[in-house]
Amino acid sequence: MLTPIDEGRGKVGAGGAEDAGGTTSPGGALAALSLAMVLSSLGAGSVNVALPTLAHVFTASFPQVQWVVLAYLLAVTALIVGAGRLGDLVGRRRLLLAGIALFTAASLLCASAPRLWLLIAARAAQGLGAAVMMALTMAFVAETVPKARIGSAMGMLGTMSAIGTALGPSLGGVLISGLGWRALFLVNAPLGILTLLLARRHLPIDRQVREPAGARSGFDRAGMALLALTLGAYALAMTLGHGGFGAATAALWAVAALGVVLFVRVEGRVASPLIQLAAFRDPVLSAGLAAGTLVSTVIMATLVVGPFHLSRGLGLDDALVGLVLAVGPVVAALTGVPAGRLVDRFGARRTICAGLLAMAAGASALSMTRVSSGVVGYVVPLVVVTAGYALFQTANNTAVMAEIAPERRGVTSALVNLSRNLGLVTGASVMGAVFTFASAADDVTTASPQAVATGVRFTFAVGAALILCALALVTGGGFLARAYTSRATAGTDTGPAGTHSTPGGTDTTPGAAGMPPVRAATDPGTGRR
């Protein structure tokens, strides 16, 4: 077991934050982490509105300028797990500071780029910085916030991410019309500098770890390369292929499938794997990651299918469509902190189930919506879906991260964010394809209101089914976790000098002898069994 050794000031214990040198502050640390979430969300959402302008400025086609968005998305998706693992090895504080600095510098390079290729390269570097920030922000929560308030802290991070998502398109439009496209990236510089100063001042100092005799640790370069290749191929197949099966898309799918096989083989053989595959035998972790992917797939449908319902089905102009679509992020922002308090009060598992049930109810209502119900008939279920999503995300993040060993928090936080990103990428393609199929129109942009309404109803019926699958996964994971805990407790006896033994001499400590790693039987956020 790794034993933390405090390097100096600002020591943080397992149960929360303790200021030993006048530098570490839970409030200041949470402010720095919140700003990091805003920066990464702004970087993802603010540039989409600039694509027509960039095509005109650089005299490029739309597929060419689309790489300004894809470069960021691919960098985040492919590198986030490696960034989390590297933070566990070299120190999360120093790597997060480097990530914020890289994001800020890359933003300045984007703003000054004279050529499109340089802008795309700078966006990839910006995506690497964002991957570091996204991977490590949640990992810091358990080190800087008392355990009883982890849910509230996760809710705050969710709120800030939603604020960044909501601000992205609107802020981007204002900056382009008033100051030009370069202002989109220049605005990140003062925010990045402020985030860097707060993080340097308030985040706890990195601690060294002492490895047991014979143990080896290092960065799994082969695993990182294979995982990046696999995730990059998958993201490209989904975004460029739109979920289809053309020749190029089929090749990308083949690369992704081969990458998965090779990655599993490599991770089973290296001394210090990028991802410990045995960790997926933890039912809470695997169910939480799978449910997070399904839920994000459904939430993406509101962004992909919603505009067609509002514009083609209800006949709203672009301004009103944008206003209605902003309801989702605004509700998520307003729900995040209260959701965190509910997690702290009632526990993560109950809050997860409540959030999923709310999402299923909202998606079911959307699957029965009619054109005659108007804007209200769409907005009310949308509010229910989004509020349920905020509840689920906050509680799921808390459940997954609460009992993770300190030396694996970075990579686990990265996996949580990766599951969300994969869900969003998948949802944009798959749910869009479902909508197109159900509407039975050659071109959904010119489809009749009735065809669009049919497509919307079918798409959200599929979404409701996916949410129920997520609920089944989470419920089953909870039952398995309790069953494994009961087995481990029943098979463990305390012998002389506190050693653990069984009648047959077999160690049944959770995680030993191939057993799944078992979490504490208490529900994170409440301490209840």
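Look a little higher up for the structure.
Parameters at a glance
- Residues numbered from 1 in each chain as written.
- Predicted model: local features only at pLDDT ≥ 70, side-chain atom pairs only at ≥ 80, totals over all residues.
- Heavy atoms only, no water.
- Phe/Tyr/Trp six-rings, centres within 6.5 Å; stacked < 30°, edge-to-face > 60°.
- Helix = DSSP H or I, 4+ residues; strand = E, 2+ residues; numbered from the N terminus.
- Buried < 20%, exposed > 50% of the residue type's maximum accessible area, 1.4 Å probe, protein only.
- Core = buried A, V, L, I, M, F, W, Y, C linked by side-chain atoms within 4.5 Å.
- Contact = heavy atoms within 4.5 Å.
- 1 Å grid on protein atoms, 1.4 Å probe; cavity = no way out; pocket = protein on both sides within 12 Å on 5 of 7 lines; lining within 4 Å.
- Points joined across faces, edges and corners; volume = space filled by probe spheres on them.
- Nonpolar A, V, L, I, M, F, W, Y, C, P; charged D, E, K, R; others polar.

Participant: Would you take a moment to explain the packing of aromatic side chains for this structure?
Facilitator: Where two aromatic rings form a pair, the distance of their centres and the angle of their planes describe that pair. One pass over the structure, following the stated rule, counts four aromatic pairs. On the numbers, 5.4 Å between centres and 35° between planes, the contact of Phe308 with Phe435 is tilted. Remark: Phe435 occurs in helix α18 (residues 409–439) and Phe308 occurs in helix α13 (residues 306–313); sequence separation between them is 127 residues. Overall, the relative accessible area of 22% leaves Phe308 in the partly exposed class.

Participant: How do you make sense of the nonpolar core when you look at a structure like this?
Facilitator: If you look at the biggest cluster of nonpolar residues, it comprises 61 residues, and the most contacted ones within it are Ile80, Val81, Leu96 and Ile275. The element that contributes the greatest number of residues to this core is helix α6 (residues 116–144), accounting for ten residues. Apart from residues no more than four positions distant in its own chain, Ile80 is found in contact with Ala75, Ala131, Met134, Ala135, Ala414, Asn417 and Leu418. With 41 residues, the next largest nonpolar core counts Ile299, Tyr378, Ala447 and Ala470 among its residues.

Participant: Explanation requested: the environment of Val47 in the structure shown.
Facilitator: The residue Val47 is located in the loop between α1 (26–45) and α2 (51–57) in this model. A relative accessible area of 1% means that Val47 is categorised as buried. C-alpha separation for the pair Val47 and Leu184, spaced 137 residues apart in sequence, amounts to 7.2 Å. Dropping the residues within four chain positions of it, Val47 is found in contact with Val68, Val69, Arg123, Leu184 and Phe185.

Participant: How do you make sense of empty space enclosed by the protein when you look at a structure like this?
Facilitator: Over the atoms rolls a probe the size of a water molecule, and in doing so it shows where empty space is left. By the definition in use, this model includes two cavities of 30 Å³ or more. Approximately 40 Å³ is the volume attributed to the second largest cavity. Lining the second largest cavity are Leu42, Ser46, Leu171, Gly172, Leu175, Leu184, Val187 and Asn188. Looking at the lining of the second largest cavity residue by residue, the classes come out as five nonpolar, three polar and no charged.

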